[in-house]
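Below, each chain spelled out in residue letters.
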Amino acid sequence: MRQIRFVTTAIIGLLIALVMANGIASAQSGVSLPPTHGRIDDAAKEGRSILPFTYAYVITANVPVYASPSDAVAGLPPVRTLGAGYLWVSLADGKPIEQGGQNWYQINQGEYVRAGDLSIYKPSAFQGLTLAGTPDKSFGWMVYSPKVSASAGAAPAQDAKLVARYTPITVYEEQTVGDLIWYRIGDDEWVDQKKVGLVVPAARPEGVGPTDKWIDVNLFEQTLAAYEGDRMVYATLVSSGLPYWSTRTGLFRIWAKVKLGKMSGRTGLPDFYYLEDVPWTMYFDHDIALHGAYWHDKFGFKHSHGCVNLPPKDAQWLFDWTAPTVGETNWVLSTDENPGTWVWVH
């Protein structure tokens, strides 16, 4: 829970060394859907989380942290406070400890906080699609839960079908009405472009080889697609940087990967954030990364300080698929012999 985040270009080398030293802290094409294949997520199948911790949002400012619950009961001072900001902690055990008539959570070795100061959060269960090949039609997911319209530009009928958020869709036809593009996603079923996060098959960027792995991040659609050469193999929704922290466009390569690490930023500012044990991080543009986000379920919308947030299951899939390959250690740097996967942001 005490990994170091890469902050500026000048000190990236030093900080990645600190990360390494610290280790892990305690705490259907053309039919209806693209064709899918691939691994069955055993954790999801069995109702288990793939994440190694239970995560909690700190709902109280300046929470006192005690060496043990008994210290607090005895009136001894805290070892520190958590401060104020957008703070998340990881719990090795999601079950609280009862002592002195209060429930407590252990947030690190030798560090306990009152359970009432935390709100346990269940990370997003959304996962994208593994693909057998590049589909011949655009596809995606609903990012709202609208009623469908019988024709492009028409208002939905009162008894119209409602399509739930995260429902996968295929686009069979497009029509422009006014300033909006409308998509036909079924027989007499139309939705406007604002309701959908679309994956549009793309050509390889210049410089990417015909057998290279590469990742396409579409900032307008808030979607991601993974390719092996010209073949799409995976796609999902993402959350990139908010307008003030827009994710930079360009062609990059993953230069470092970290299985678990702390992220923090905006120190001393009202939007200070501190996130323990962020999973499956893939740095590609200095301190900007693709990584799992356990703290929200707003995929398909911009929601970050510049990184590309992924649902945890998608982050794990991409982490395992991308280069450089990580072994039993917590981190890896790319080398000439083990270069990073291409990332195209546009």
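Here goes a summary of the coordinates provided. (Residues numbered from 1 in each chain as written. Predicted model: local features only at pLDDT ≥ 70, side-chain atom pairs only at ≥ 80, totals over all residues. Heavy atoms only, no water.)

### Some words on the overall build of the chain
Okay, step 1: Scanning the chain from terminus to terminus reveals four helices and 25 strands.
Okay, step 2: The buried share among the 346 residues of the chain stands at 51%.
Okay, step 3: A total accessible area of about 15,700 Å² is found for the chain, and carbon and sulfur atoms account for 53% of it. (Helix = DSSP H or I, 4+ residues; strand = E, 2+ residues; numbered from the N terminus. Buried < 20%, exposed > 50% of the residue type's maximum accessible area, 1.4 Å probe, protein only. Areas by Shrake-Rupley, 256 points an atom, 1.4 Å probe, with all protein chains shown as cover.)

### Quick look at unusual backbone geometry
Okay, step 1: In this structure, the amide linkage connecting Ala323 to the following residue, Pro324, adopts the cis form with an omega of 0 degrees.
Okay, step 2: Inspection of the secondary structure assignment puts Pro324 in the loop between helix 4 (312-321) and strand 24 (331-333).
Okay, step 3: The backbone of Asp188 sits at a positive phi, close to 55 degrees, despite the residue not being glycine.
Okay, step 4: Here Asp188 is to be found in the loop between strand 13 (180-186) and strand 14 (189-192).

### Some details on the sheet that holds strand 5 (residues 97-99)
Okay, step 1: With respect to topology, three strands assemble into an open sheet ordered 5-6-7, the strand pairing being antiparallel. The strands lining the two open edges of the sheet, one partner per strand, are strand 5 and strand 7 (111-114). Going across the sheet, the axis of each strand differs from the next one's by a mean of 45 degrees, ignoring polarity.
Okay, step 2: In the sheet, strand 6 (residues 102-108) pairs with strand 7 via four bridges, with the strands oriented antiparallel. For Asn108, the partnering residue across the bridge sits in strand 7 and is Glu111. (Pairing = 2+ DSSP bridges. Axes fitted to C-alpha atoms, helices over the stretch in contact; angles between N-to-C directions.)

### A look at the pairing of strand 16 (residues 213-218)
Okay, step 1: Counted residue by residue, strand 16 has five buried out of six residues, so it is predominantly covered.
Okay, step 2: By the bridge criterion, six bridges tie strand 16 to strand 17 (residues 223-228) in an arrangement that is antiparallel. In the strand pairing of strand 17, Val217 is matched with Leu224.
Okay, step 3: Counting the residues in the hairpin turn of strand 16 and strand 17 gives four residues, including Gln222, whose phi is positive at 60 degrees.

### With respect to helix 4
Okay, step 1: Of all 10 residues that make up helix 4, nine are buried, and the element is covered over most of its length.
Okay, step 2: What helix 4 keeps buried is the set Pro312, Lys313, Asp314, Ala315, Gln316, Trp317, Leu318, Phe319 and Trp321.

### Some thoughts on the pattern of salt bridges
Okay, step 1: Inspection of the entire model under this criterion finds nine salt bridges.
Okay, step 2: Of the charged contacts, one joins Glu173 and Arg184 as a salt bridge, the two residues approaching to 3.0 Å between their closest N and O atoms. Here Arg184 lies in strand 13 and Glu173 lies in strand 12 (residues 173-177), a separation of 11 residues in the sequence.
Okay, step 3: We classify Glu173 as partly exposed; its relative accessible area is 30%.
Okay, step 4: Taking the shortest distance from any N to any O, the salt bridge between Asp271 and Arg266 comes out at 3.0 Å.
Okay, step 5: What makes Asp271 partly exposed here is its relative accessible area of 23%.
Okay, step 6: Arg266 sits in the partly exposed class, given a relative accessible area of 29%.
Okay, step 7: Where salt bridges share partners, they join Glu173, Arg184 and Asp187 into one cluster. (Salt bridge = Lys/Arg side-chain N within 4 Å of Asp/Glu carboxyl O.)

### Remarks on the sheet that holds strand 17
Okay, step 1: Reading across the sheet, the six strands line up as 9-18-17-16-25-19 and stay open at both edges, with mixed pairing between neighbours. The outermost strands of the open sheet, each flanked by one partner alone, are strand 9 (129-130) and strand 19 (250-253).
Okay, step 2: Each of strand 9, strand 16, strand 17 and strand 18 (231-237) touches helix 4; the most contacted strand, strand 17, lies at about 25 degrees to it. (Contact = heavy atoms within 4.5 Å.)

### Quick notes on empty space enclosed by the protein
Unoccupied space between atoms shows up once a probe the size of one water molecule is rolled over them.
Okay, step 1: The space that makes up the second largest cavity amounts to roughly 40 Å³.
Okay, step 2: Taken together, Val199, Val200, Asp216, Asn218, Thr223, Leu224 and Ala225 make up the full set of residues lining the second largest cavity.
Okay, step 3: Only strand 16 and strand 17 provide two or more residues apiece to the lining of the second largest cavity.
Okay, step 4: Of the residues belonging to the lining of the second largest cavity, the class tally is four nonpolar, two polar and one charged. (1 Å grid on protein atoms, 1.4 Å probe; cavity = no way out; pocket = protein on both sides within 12 Å on 5 of 7 lines; lining within 4 Å. Points joined across faces, edges and corners; volume = space filled by probe spheres on them. Nonpolar A, V, L, I, M, F, W, Y, C, P; charged D, E, K, R; others polar.)

### Focus: the environment of Val326
Okay, step 1: In this structure, Val326 sits in the loop between helix 4 and strand 24.
Okay, step 2: Sequence separation between Val326 and Ala256 is 70 residues; the distance between their C-alpha atoms is 9.7 Å.
Okay, step 3: Sequence-distant contacts of Val326, defined by excluding residues within four places in its chain, comprise Lys257, Lys259, Phe319, Trp331 and Val332.

### A closer look at the packing of aromatic side chains
Okay, step 1: Per the stated rule, a full pass over the model turns up 20 aromatic pairs.
Okay, step 2: Seen from their ring centres, Trp214 and Trp344 are 6.4 Å apart, and the 55 degrees between their planes marks the pair as tilted. Residue Trp214 is found in strand 16, and its partner Trp344 is found in strand 25 (residues 342-345); the two are separated by 130 residues along the sequence.
Okay, step 3: The rings of Phe53, Tyr55, Tyr57, Tyr86, Trp88, Tyr121, Tyr294 and Trp295 are connected pair by pair, giving a single aromatic cluster.
Okay, step 4: The aromatic ring of Trp342 is capped on one face by Arg253, whose charged end is 4.0 Å from the ring centroid.
Okay, step 5: Its guanidinium or amino end placed over the ring of Phe319, Lys257 lies 4.6 Å from that ring's centre, counting from NZ or CZ. (Phe/Tyr/Trp six-rings, centres within 6.5 Å; stacked < 30°, edge-to-face > 60°. Lys NZ or Arg CZ within 6 Å of the ring centre and 35° of its normal.)

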